[in-house]
Amino acid sequence: MTAPVINEVYPSDGPFCASSFVVSFYVPKANQPDPPPAKGLHAQRWKPTYVAVRQFGGFVSDSDVAMEAAALEGSLSGSAWAAAIEKSREGSDHASNYTVAQYNSPFEFDDRVNEVWMLFDMEGDEHELKI
């Protein structure tokens, strides 16, 4: 199994709609120029990306992820990072509310490492974002 396994979460538009998920698997560097074909799957290439990250342990559940995403968002509240994330969500490649990265095999029970990510773009001079 490759790591991380990445799950992008796109929330529903209404109370009776289900959220959408895109699951991605890392392709090892040796296979990236010509990834092995698989029916119903396609290669996705990411450009360099900025990410705000919160790490957490255990097996991933929907309720834990929502709580961790809210904690990450809360820790960024009022910061330039929060503004950059919100701006990136308004019509860029990063329309998902958050992304979950899981680094362990499902057969590993101890010391599991997971992250919740909020992706954003840096426009113009990188030094314009004041921390």
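Residues numbered from 1 in each chain as written. Predicted model: local features only at pLDDT ≥ 70, side-chain atom pairs only at ≥ 80, totals over all residues. Heavy atoms only, no water.

A. The nonpolar core, seen in detail. Formed by 14 residues in total, the largest nonpolar core has its most connected members in Ala-52, Leu-72, Ile-85, Tyr-98, Val-116 and Met-118. Of all the secondary-structure elements, those providing two or more residues to this core are strand 3 (50–56), helix 1 (62–76), helix 2 (80–89), strand 4 (98–102) and strand 5 (114–120). No other element matches the four residues that helix 1 contributes to this core. Setting aside residues no more than four positions away along its own chain, Ile-85 makes contact with Ala-52, Leu-76, Met-118, Leu-119 and Phe-120. (Core = buried A, V, L, I, M, F, W, Y, C linked by side-chain atoms within 4.5 Å. Buried < 20%, exposed > 50% of the residue type's maximum accessible area, 1.4 Å probe, protein only. Helix = DSSP H or I, 4+ residues; strand = E, 2+ residues; numbered from the N terminus. Contact = heavy atoms within 4.5 Å.)

B. Summary view of helix 2. Within helix 2 the residues assigned to the buried category are Ala-84, Ile-85, Ser-88 and Arg-89. Along the axis of helix 2, the buried positions cluster into a sector of 135 degrees, meaning they face one direction only. Summarising the contacts, the buried residues of helix 2 are in contact with strand 3, helix 1 and strand 5. The N-cap of helix 2, judged by a side-chain oxygen 3.2 Å from the amide nitrogen of Trp-81 a few residues on, is Ser-79. (Arc of directions from axis to C-beta. Polar contact = N/O pair within 3.5 Å; in protein donor to acceptor, adjacent residues only side chain to side chain.)

C. Summary view of the pairing of strand 5. For strand 5, a buried count of seven out of seven residues is recorded, marking the element as mostly surrounded by other parts of the structure. Taking every second residue as pointing to the same face, both faces of strand 5 are buried, with Asn-114, Val-116, Met-118 and Phe-120 on one and Glu-115, Trp-117 and Leu-119 on the other. In terms of strand pairing, strand 3 meets strand 5 through seven bridges, oriented antiparallel. Each residue of the ladder has a partner; that of Ala-52, found in strand 5, is Met-118. As paired strands, strand 4 and strand 5 are joined by four bridges and run antiparallel to one another. Among the inter-strand pairings, Gln-102 is bridged to a residue of strand 5, identified as Asn-114. (Pairing = 2+ DSSP bridges.)

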